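# Survey of secondary and tertiary structure
Here's the letter readout for the chains.
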Amino acid sequence: MSAAASCLLTEDQFLCSICLDVFTDPVTIPCGHNFCKTCITKHWDINVPYQCPNCKKVFYTRPELQVNTFISEMAAQFRQSAQQKASSSSSEQQVSEPEVPCDVCTGTKLKALKSCLVCLESYCETHLQRHLTASGLKRHQLIDPVENLEGRMCPKHDKLLELFCKTDQMCVCILCTVSDHKTHNVVPLKEGYEGKKAKLEGEIQKMIQKRRLKIEEIKHSVELSKEDADRETADGVQVFTALKESVERSQAELIDTIKEKQRKTEKQAEGFIKELEQEISELKKRSTEVEQLLQSEDHLHLPQSFTSLNAAPPIKDWTEVTVHPSSYEGTVVRAMNQLEETLSKQMKKLLAEAELKRVQQSAVDLTLDPDTANPWLILSDDGKQVSCGNVKKNLPDNPERFTCYGNVFSKQSFSSGRFYYEVQVKGMTEWGLGVARESINRKGLITLAPQDGYWTILLRNENEYKALAGPSVHLSLQSRPETVGVFVDYEEGLVSFYDVDAAALIYSFTGCFFTEKLYTYFSPCNNNAGKNSAPLVISPVNSTD
């Protein structure tokens, strides 16, 4: 195995989880995890029962430890490649990993250049020469110097571990293949290494790819959350702005009411004052005349003028006349009650509009399925309209077709999530809309009720609206819907119907339990000699966003 190849794997893959260093004499325990032989031995000397530090699997008898030659070689190669990389990066940088010493040198041991897998020794440049020149030694297998050459020997047969058993996922010697691993899938060690390396690299790449996809998924979720937040913020601002305007309008009306009462009081007072001032002027004039008469010495003139002066002056009796201050008692209370009523109505309207906008975000595109249509029905070429005709068509009685009732399904079905669609019912005297299970009865007598797989509302006799909830619920609507919206939340078990133009909820089926595909259900009912000839029309959803 070359150093370049080993560098494709990271150091983390060759670290013992106990000492957190590159494996030394790595051993594999029965659960498949690897540790330094010394580390796991010391761990089990202290901790009983014998438990894997990684997966916590307990072994009730102490497992026999054998050096994992495959991992040992990979760890040694990794250590060596790391040393070479560190050395080449800077001439002044010291190598952190110890060099493999020559096993033949006495005294100061020189650095080994190669290790022999046959002799199980490492040689410096001088002592390596015999392996390069002696004919008997040339056939020995030389590798880059590694420690723990004894770990490359089969502990049972004392032969070189040069094969890999794919069945047991372990390194074996040549004698193992004719004993314990006789029928197993055994390959050369290099092939086993390459396979393991490719598997590890593949698994790592898969893990990287999964995490990249998860990042994209999270980013997409954040984007959707932001869109929802922006939409909710806009709806909230609209609702509270409308409520604020209502409060300000009510405040202005209250102030105008109080001011108007005060103006009336002031106007009444001004009229009384003006009238009193006129009478005062008349009285002053009378007073002047009397004073002049009293100053006269003519004894005849006074008696003659007294009669006219004694007459009642042109004034009225002000004794009972008062100006009462305007009563404002209850004005604010009445205004608040009126505001509360107004806000309540407006709140319901705004919330209904916001709710309708919310469900409209789940709009889907539907087309009618002619294979399910009753032979009396007439479908448009684009599959968006259906009405009841006067002539029964000759159509094959396939299992999907309704035969006794004027019903038709959409081509599209839904088995999860939310969906919403709108249907124009303008000009019709009878109709039925909703959703139904795939397995419902389509032949003969049909009962439209949830227990039979139908969640529908209908119109009969022009103004009789019902929700077929089993038993039926009579619906009292404020206005006659011209476009009906249908919303379904599969997981929530909810089916809701809306008057789109009035932005009002018509009826909701709650607590539904869906376990199979749902189809959208349409029924234009009978033609009634042309009185109900208008079609049901699947309309494009125009959200008010």
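Description of the structure in this document. (Residues numbered from 1 in each chain as written. Predicted model: local features only at pLDDT ≥ 70, side-chain atom pairs only at ≥ 80, totals over all residues. Heavy atoms only, no water.)

## A closer look at the sheet that holds strand E23 (residues 536-539)
As a general point, the strands of a sheet are linked pairwise by backbone hydrogen bonds and lie either parallel or antiparallel. The seven strands are arranged E11-E12-E23-E14-E19-E20-E21 in an open sheet whose pairing can be described as antiparallel. Among the strands making up the open sheet, the edge pair consists of strand E11 (377-379) and strand E21 (504-509). Taken over all neighbouring pairs, the strand axes of this sheet differ in orientation by 20 degrees on average, direction set aside. Here E11 runs beside strand E12 (residues 385-388); their pairing, made up of three bridges, is antiparallel. What sits directly across from Leu379, in E12, is Val386. The strands that helix H8 (residues 331-360) touches are strand E14 (418-424), strand E19 (483-489) and strand E20 (494-499); relative to E14, the one it contacts most, it runs at about 110 degrees. (Pairing = 2+ DSSP bridges. Helix = DSSP H or I, 4+ residues; strand = E, 2+ residues; numbered from the N terminus. Axes fitted to C-alpha atoms, helices over the stretch in contact; angles between N-to-C directions. Contact = heavy atoms within 4.5 Å.)

## With respect to the pairing of E20
Among the six residues of E20, six are classified as buried, and the element is accordingly described as predominantly covered. Where E19 lies against E20, six bridges are found, and the strand directions are antiparallel. Looking at the pairing, Val488 lines up with Val495 of E20. The antiparallel pairing of E19 with E20 creates a hairpin that spans four residues between the two strands, and Gly493 there sits at a positive phi of about 70 degrees. In the sheet, E20 pairs with E21 via five bridges, with the strands oriented antiparallel. For Ser496, the partnering residue across the bridge sits in E21 and is Ser508. (Buried < 20%, exposed > 50% of the residue type's maximum accessible area, 1.4 Å probe, protein only.)

## Some remarks on a nonpolar patch on the surface
A contiguous nonpolar patch, built from Ile174, Leu175 and Val178 and spanning about 260 Å² of accessible area, is present on the exposed surface. Inspection of the secondary structure assignment puts Leu175 in the loop between strand E9 (170-172) and strand E10 (186-188). Residue class for Leu175 comes out partly exposed when judged on its relative accessible area of 35%. (Patch = residues over 30% accessible without salt bridge, like charges linked within 9 Å, V, L, I, M, F, W, Y side chains within 5 Å. Areas by Shrake-Rupley, 256 points an atom, 1.4 Å probe, with all protein chains shown as cover. Salt bridge = Lys/Arg side-chain N within 4 Å of Asp/Glu carboxyl O.)

## Overview of the sheet that holds strand E5 (residues 114-116)
Pairing is antiparallel in the open sheet, where three strands are placed in the order E6-E5-E7. Of all the strands in the sheet, just strand E6 (121-123) and strand E7 (142-143) have a single pairing partner and so form its edges. Bridge count for E5 against E7 is two bridges, and the pairing is antiparallel. Residue pairing across strands places Cys116 opposite Leu142, the latter belonging to E7.

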